[in-house]
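The lines below spell out each chain.
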Amino acid sequence: MVEIKYGDQHETAELAGQTVYDARKLLRAAMGIPGKATARLNGKKVHRALEDEIFIEDTDVLTFAESKGKGLFMIGALLGALVVTGSVFAYGYTTSSSTLLATAAGGDFASITANTTNVPTWQPFGQFKGSVPAGTLFDVNTAASGYTGDLVVTVSIANGDTLVDAYRVLNMFIEVRDSSGNLVDINGDTVNNTMDFALLTLGNGSVDLFITQTAADVYTIKMKNGYYVSHAWGASGWAGNESPVLYAEVAQR
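Residues numbered from 1 in each chain as written. Predicted model: local features only at pLDDT ≥ 70, side-chain atom pairs only at ≥ 80, totals over all residues. Heavy atoms only, no water.

1. A word on the side chain of N115
Part 1: Of note, N115 is situated in the loop between β6 (111-114) and β7 (129-132).
Part 2: Here the side chain of N115 touches D139 through a polar contact of 3.0 Å, side chain to side chain. (Helix = DSSP H or I, 4+ residues; strand = E, 2+ residues; numbered from the N terminus. Polar contact = N/O pair within 3.5 Å; in protein donor to acceptor, adjacent residues only side chain to side chain.)

So this is what it looks like as structure tokens:
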């Protein structure tokens, strides 16, 4: 006979040859053994996953006990504390505030305007290869605000869809000069040289000019030079589509 114990209940049954798992199923209803109760065979804990592999022998003692984990006790104790001292948790605190100080600098960090001092001007013939002259395009001003951070100026062709009526090829070399007329490094190689320019074309209709500032200044975006190849003039001409329209914007970098 096998001795079975659960709580205050103490029974004996013919369970020899059956597994612990089989015994649990048989005794669950009869003795009210909960599903999470831990089984012990002859005082040794039986892992739940191994219950169907361990067989009971005659004279064995099989015990079931409910687990009372520390975690459950601690949760219960905490809930009890919240009930008893609820007023402390709800009202037993102080408040404070901190106001951060941000002072408006006034105005935009930079401005960009068209520079019409020496706008590049040319008169293309039909089926002609010609050059684009140097000239001024835009001014970027950080001196008014005193902003000394780095900038990126984006120059784009705004009417590329109509320029293709007049040109097969249109290449424009864009550079930047500071207020002293010095060439500005716009490609990040930290060396000011004749290669500090960006190529604006019908195929690449937007370029970024990177300006690293050491002090606020007024910069001039200029046409270094360029060239074009025009279409045939045709009976209707180019309908005034030979003049590029450039768009520029400045952002913090």
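2. A short note on the sheet that holds strand β2 (residues 9-13)
Part 1: The strand order across the open sheet built from five strands is β2-β1-β5-β3-β4, with neighbouring strands paired in mixed fashion. The open sheet terminates on both sides in strands that have one partner only, identified here as β2 and β4 (44-46). Taking the axes of each pair of neighbouring strands and ignoring which way they run, one obtains an average angle of 25° across the sheet.
Part 2: With five bridges connecting them, strand β1 (residues 2-6) and β2 associate as antiparallel partners. The partner of Y6 across the bridge, within β2, is Q9.
Part 3: The strands that helix α1 (residues 20-31) touches are β1, β2, β3 (38-41) and β5 (61-65); relative to β5, the one it contacts most, it runs at about 60°. (Pairing = 2+ DSSP bridges. Axes fitted to C-alpha atoms, helices over the stretch in contact; angles between N-to-C directions. Contact = heavy atoms within 4.5 Å.)

3. A few points about the confidence of the model for the protein
Any region with low pLDDT has predicted coordinates that should not be read closely.
Part 1: The predicted model of the protein has a mean per-residue pLDDT of 84, with 87% of residues at 70 or higher.
Part 2: For residues 69-89, every residue scores under 50 in pLDDT, and the model assigns this stretch three contacts once sequence neighbours within four places are set aside. (pLDDT = per-residue confidence, 0-100.)

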